[in-house]
Each structure stands twice: as structure tokens, then as C-alpha cells.
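# Descriptive structure summary
Here is how the chains run, residue by residue.
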Amino acid sequence: MTCSHIFAKEYLHTFLYTISEVHVIGRSFRWLWTASGLSNVGDGIAVLGVSLIAVTLTRSPFLVSLAGAAATLPWLLLALHAGAIVDRHDRRRIMVMASWGRAGVLAALATAAWLGALSLPVLLAGALLIGVAEVFSDTSAQSVLPMAVPRDRLDSANGQLIAVQTVGNNFLGGPLAGLLILIGPAAVLGVPALLYAVAGLALCGMRGRFQVEAPSTRSLRTDIADGLRYLRDHRVLRALAAFAGVLNFANAAYFAVFVLWVVGDGSRVGLPAAGYGVLTAALAAGAVTGSLLAGWLARRAGQVRTLLVADLVNSLLLLVPVLIPTPVAIGVTAAFLGATNAVSNVILVSLRQRLIPEDLLGRVNASYRLIGMGTTPLGAAAGGLLGTYAGLPAVFCAASAVCVIAVLLVSRAVSTRSVAAAEEASDRPSALHPA
């Protein structure tokens, strides 16, 4: 039996295991999982598709970059407000409205493309509106999950969601966008519009209560302040938020210049551009495997130990492209980087869902993600500057060192005992002053 046959067989088993787990967790989760898969295929098509269309409208690198900036800007502007709104209203309904909102925006853009009236300003405005909907949808999704599945199933449920998100974005969405652009911009924009519309319908199949029992009636500013204060005063969550911010900063610096080390005749590895796509696929394949194994690993070794070991291994693997700059070594490393990163993400999301009281989940999650995601553009800029003046190996070694130090520091604040105590405290409603 060839390696490809063994690989295909293992992934068939993984797929069947995923389906069985999704079925066991419950009806509401099945609909949430289905909607997430459809939405993430739409995300993969839309994100790459908007960039591909932008290139046909302008050749300016700055103007093309605005497409990505427009989609992510709402996270900086609206994340905290979205968290407060999610804690006041039905979280499933917000996700349905966000899905149908994205469907409507993309359908309008597809119509403009069909009529030959699509311009760059219109495309950027559409990307901005899609980004606004994504902020509300993602914040609601992380807050609705603990209301849809039993507490002891959170690790498994998050693993299934991250797996289907990775498959949708990386394995299906991106390649589909490349095929649809051959048909035309209207197809690139119209297909994800249809996927979002169907995802909204799937969410309507969820049954249960998805709104807190006593939503706040105070001002949004007061609610946002409560979320920020809770995160500030919670020793474990505060440490994890800072930890995520540092890791994202270092990894953004690393991968901002990684392609220069790997791709092209003048690079150290000399990989062709098509080979970089294989590395991306290896990273995604590892992420799917890691997301499905995360719950099992956490049950066997403990969630805190699994988290710290996964992040430590991930941090040390960043040195491999410098020490062994060969395509095979980097390909294997990419798979393990994807796996360890997915394990860490599943456990971190599950921890937040356990540690944050239900009535504060949206606000604190939004505050946490603002810190975690806010360091990404800063890290990318820092990686470019350090690579320019000190060389690419300096960027890779510095990123690895920063991540290792971050793991060692967070292990002092986040332990099995501190997490257990925090979980017990989170069972109290409206715990605005955590121990």
C-alpha cells in the first residue's frame, strides 16, 4: 500500500470519526456545525475572491491591500461593542442575521459585477460590511456554543468546529475561488452569497435558549467596561490574553517574511511558488488532525499540560526552517505546526467558555480577542523591519525565543489548580469580581 493510500485511509477514518462525534454531541450542535462548514467555505471563497477581483480593478499594491484591511478593520472598531450586544440579545438570531447580511451584500456585489458596474470603492465598501457581519457572527458563535452543548463536551465540540472551519477555508474555499474567477467576478461573489444564505437557514434548526436569562439594560459603555474589568481582574484569563497577544505578535512577524526564505530562486530553500501551496495544504492538514485530537489529548494529559506542551513544541518547531532548510523538513514541520497550533486554539477557546460566566461571555470574549488579534499587524511590521536590517534568520530565531519565553511565563499563572479554582468561580452568575 502506497503512502498516499495510507494517508487517504487515515483521513477517511478521521472524517467518519468527526461525523460520529458531531452526531453524539447533539441536534443543536449538528446544525451549528453544518452552518459553520457552509459559512467557512463561503469565507474561503470570499476572502481570496475579493483580492483576486481587486487585482483586476487596480495594479496598485496599496489599493489592493485595502481589500484585506477593510475586512479586518471592524475587529478594531466594533469588537467590544459586538460583545456587549451579543450579551443582550439572542446569540443564534444574531448569527442568522449576520449570515443573511453577508449573503445580501455579496449578492449586491455579484449583481454589480454582472452588470459591469463593480468599482474598487464599491468592492471595498462591501468588504467592510462583510467584516462587520463577521465580527458579530464570530463573537456570537463562541458565546453560543456553551449554550448548545454540555460543559464536558466543549473540547470535543470546539475541535469539530475548528476542523470543519479549516477544511472549509483552506481545502475548499481557496481552490474554489481560483476556479470561480475563471467564470467571472459575479460567480466568485454569488456562490458565497448562496452558501451564507443556506448557513443562515441551517442555524434556524438549532433548538434551545440562546439568550442570557437577565440581559443588561444599562448603557453599552457600562457593559463594555464590565467586560474589560472582568478580564483585567481575572488572573488566568488576563494571563492567557497576554499570552495569545505575544504568540500572535511573534508568529505574525515570522510568517510575514517566511515566504522570502522559502520561495524563489533567490531564497534559501528555493521552492517554486506551487510548492508553497503544498506547504499551506500540509499546515491545514495538520490543523485538522490537531483539532480533532485536542479533546482526547486534554482528557488524557490534562488541558493545561496539553496547552503548554503544544505551544512549547510549536515554538521550538519555528527553528527548523533555519536549522534544516530543506523542502521535506519544512513540509513535515508545517504539518506539526498546524497540529500543535490547532490543539492550542481548541483548548484556549474551551477554557474561555468555561471560565467566563454566561452573561459576560460575549463581552469578555470580545475583549480577549481584541488583545489577541490587535498585535498581529504590529508583529508583521516588526518582522519586516527586523528582516530588513538583521536578516531573515534573526526574525525566525527571535520569534521562536519570544514564544518559548511566553510559554514559560504563562505557566506560572496558568496551572491545573488555578484553572480549576477559576472554573468553580465561573459557576456563579454575574461574577464581575473574580478571585
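Reading guide: rules and limits
- Residues numbered from 1 in each chain as written.
- Predicted model: local features only at pLDDT ≥ 70, side-chain atom pairs only at ≥ 80, totals over all residues.
- Heavy atoms only, no water.
- UniProt positions renumbered as here; feature names shortened; annotations may be inferred.
- Helix = DSSP H or I, 4+ residues; strand = E, 2+ residues; numbered from the N terminus.
- Expected span 1.5 Å × (residues − 1).
- Buried < 20%, exposed > 50% of the residue type's maximum accessible area, 1.4 Å probe, protein only.
- Salt bridge = Lys/Arg side-chain N within 4 Å of Asp/Glu carboxyl O.
- Contact = heavy atoms within 4.5 Å.
- Domains from an automatic or database assignment.
- Buried area = accessible area lost by both parts, 1.4 Å probe.
- Patch = residues over 30% accessible without salt bridge, like charges linked within 9 Å, V, L, I, M, F, W, Y side chains within 5 Å.
- Areas by Shrake-Rupley, 256 points an atom, 1.4 Å probe, with all protein chains shown as cover.
- Axes fitted to C-alpha atoms, helices over the stretch in contact; angles between N-to-C directions.
- Parallel < 35°, antiparallel > 145°, perpendicular 65-115°, else oblique.
- Left-handed = near helix turned anticlockwise from the far one by under 90°.
- Phe/Tyr/Trp six-rings, centres within 6.5 Å; stacked < 30°, edge-to-face > 60°.
- Lys NZ or Arg CZ within 6 Å of the ring centre and 35° of its normal.
- Nonpolar A, V, L, I, M, F, W, Y, C, P; charged D, E, K, R; others polar.
- Core = buried A, V, L, I, M, F, W, Y, C linked by side-chain atoms within 4.5 Å.

Turning our attention to the UniProt feature "transmembrane region" (unreviewed entry) in the protein chain. UniProt's feature table lists "transmembrane region" (unreviewed entry) at residues 37-57, 63-86, 106-130, 176-203, 239-263, 275-297 and 392-410, given in the numbering used throughout. With 100% helix and 0% strand, residues 37-57 has end C-alpha atoms that lie 30 Å from one another. For residues 239-263, the end-to-end C-alpha separation is 37 Å, with 96% helix and 0% strand making up the annotated structure.

This paragraph deals with helix H16 (residues 392-413). Over its 22 residues, H16 runs 33 Å from end to end, which matches the ideal 32 Å to within 8%, given 1.5 Å per residue. Along H16, the residues that are buried comprise Leu 392, Val 395, Phe 396, Ala 399, Ser 400, Cys 403, Val 404, Ala 406, Val 407, Val 410 and Ala 413.

In the structure shown here, the tally under the stated rule is eleven salt bridges. Arg 91 is paired through a salt bridge with Asp 87; the nearest N and O atoms lie 2.7 Å apart. The two residues Arg 91 and Asp 87 agree in class, both being buried. Put simply, Arg 209 and Glu 358 hold a salt bridge, and the shortest N to O gap is 3.2 Å. Of this pair, Arg 209 sits in the loop between helix H7 (185-203) and helix H8 (220-233) while Glu 358 sits in the loop between helix H13 (327-355) and helix H14 (361-374), placing them 149 residues apart in sequence.

So, about the environment of Leu 386. Topologically, Leu 386 is positioned in helix H15 (residues 376-390). The partly exposed category is assigned to Leu 386, whose relative accessible area is 34%. The spatial distance from the C-alpha of Leu 386 to the C-alpha of Trp 31 is 46 Å, given a sequence separation of 355 residues. In contact with Leu 386, not counting residues within four places along its chain, are Gly 391, Ala 394, Val 395 and Ala 398.

Here the protein chain is partitioned into domain 1 (25-207) and domain 2 (219-428). On a C-alpha basis, the centroid separation for the pair domain 1 and domain 2 is 22 Å. Residue-level contacts link 31 residues of domain 1 with 37 residues of domain 2. Roughly 3000 Å² is buried in total at the junction of domain 1 and domain 2, and carbon and sulfur atoms are behind 62% of that figure. Looking at the side of domain 1 facing domain 2, the largest losses of area belong to Leu 80, Gln 142 and Asp 155, adding up to 24% of the total buried there.

A cluster of nonpolar side chains, contributed by Val 167, Phe 171, Leu 172, Leu 176, Leu 179 and Leu 182, occupies part of the molecular surface with about 530 Å² of accessible area. Among the structural elements, Phe 171 can be located in helix H6 (residues 154-183).

Turning our attention to the packing of helix H9 (residues 235-262) against H15. H15 packs onto H9 with a crossing angle of 45 degrees between their chain directions and a minimal axis gap of 7 Å. Classified by the interaxial angle, the pair formed by H9 and H15 is oblique. Every pair of crossing elements has a handedness; the one defined by H9 and H15 is right-handed. Contacts between H9 and H15 involve Asn 248, Phe 249, Ala 252, Ala 253, Ala 256 and Val 257 from the first element and Thr 376, Leu 378, Gly 379, Ala 380, Ala 382, Gly 383 and Gly 384 from the second.

This structure, assessed with the given rule, holds six aromatic pairs. Centre to centre, the rings of Tyr 254 and Phe 396 are 4.7 Å apart; their planes meet at 50 degrees, and the pair counts as tilted. With Tyr 254 in helix H9 and Phe 396 in helix H16, the pair connects residues that are 142 residues apart, well separated along the chain. The exposure class assigned to Tyr 254 is buried, which follows from its relative accessible area of 1%. In this structure an aromatic cluster arises from ring pairing among Tyr 254, Phe 255, Phe 258, Trp 261 and Phe 396. Of note, Arg 352 hangs over the ring of Tyr 368, and the distance from its end group to the ring centre comes to 4.1 Å.

With that out of the way, let us pick up the packing of helix H5 (residues 120-148) against H14. It is at 9 Å that the axes of H5 and H14 come closest, and there the two elements cross at 130 degrees. Put simply, H5 runs oblique to H14. For the crossing formed where H5 meets H14, the hand is right-handed. Counted together, Asp 138, Thr 139, Gln 142, Ser 143 and Pro 146 of H5 and Leu 361, Gly 362, Asn 365 and Arg 369 of H14 form the full contact between these two elements. Residues of the contact of H5 with H14, tallied by class, amount to two nonpolar, five polar and two charged.

Bringing the side chain of Gln 142 into the picture now. In this fold, Gln 142 is placed in helix H5. Gln 142 gets classed as buried once you look at its relative accessible area, which sits at 16%. Residues within four places of Gln 142 in sequence aside, it is in contact with Val 349, Arg 352, Gln 353, Leu 361, Asn 365 and Arg 369.

Proteins that are soluble and globular tend to have nonpolar side chains buried together. Residues Leu 240, Val 262, Phe 396 and Val 414 are the most contacted members of the largest nonpolar core, which totals 55 residues. Elements that contribute at least two residues to this core include exactly H8, H9, helix H10 (273-301), helix H11 (303-317), H13, H14, H16 and helix H17 (416-426). For this core, the element with the highest residue contribution is H9, accounting for 14 residues. One finds Ala 67, Val 105, Leu 123 and Leu 124 within the second-largest nonpolar core, a separate group that totals 25 residues.

Moving on, we come to the environment of Gln 160. When you line up the elements, Gln 160 lands in helix H6. Taking the relative accessible area as the measure of exposure, Gln 160 reaches 2% and is therefore buried. C-alpha of Gln 160 to C-alpha of Ala 294: the two residues are 134 residues apart in sequence and 9.8 Å apart in space.

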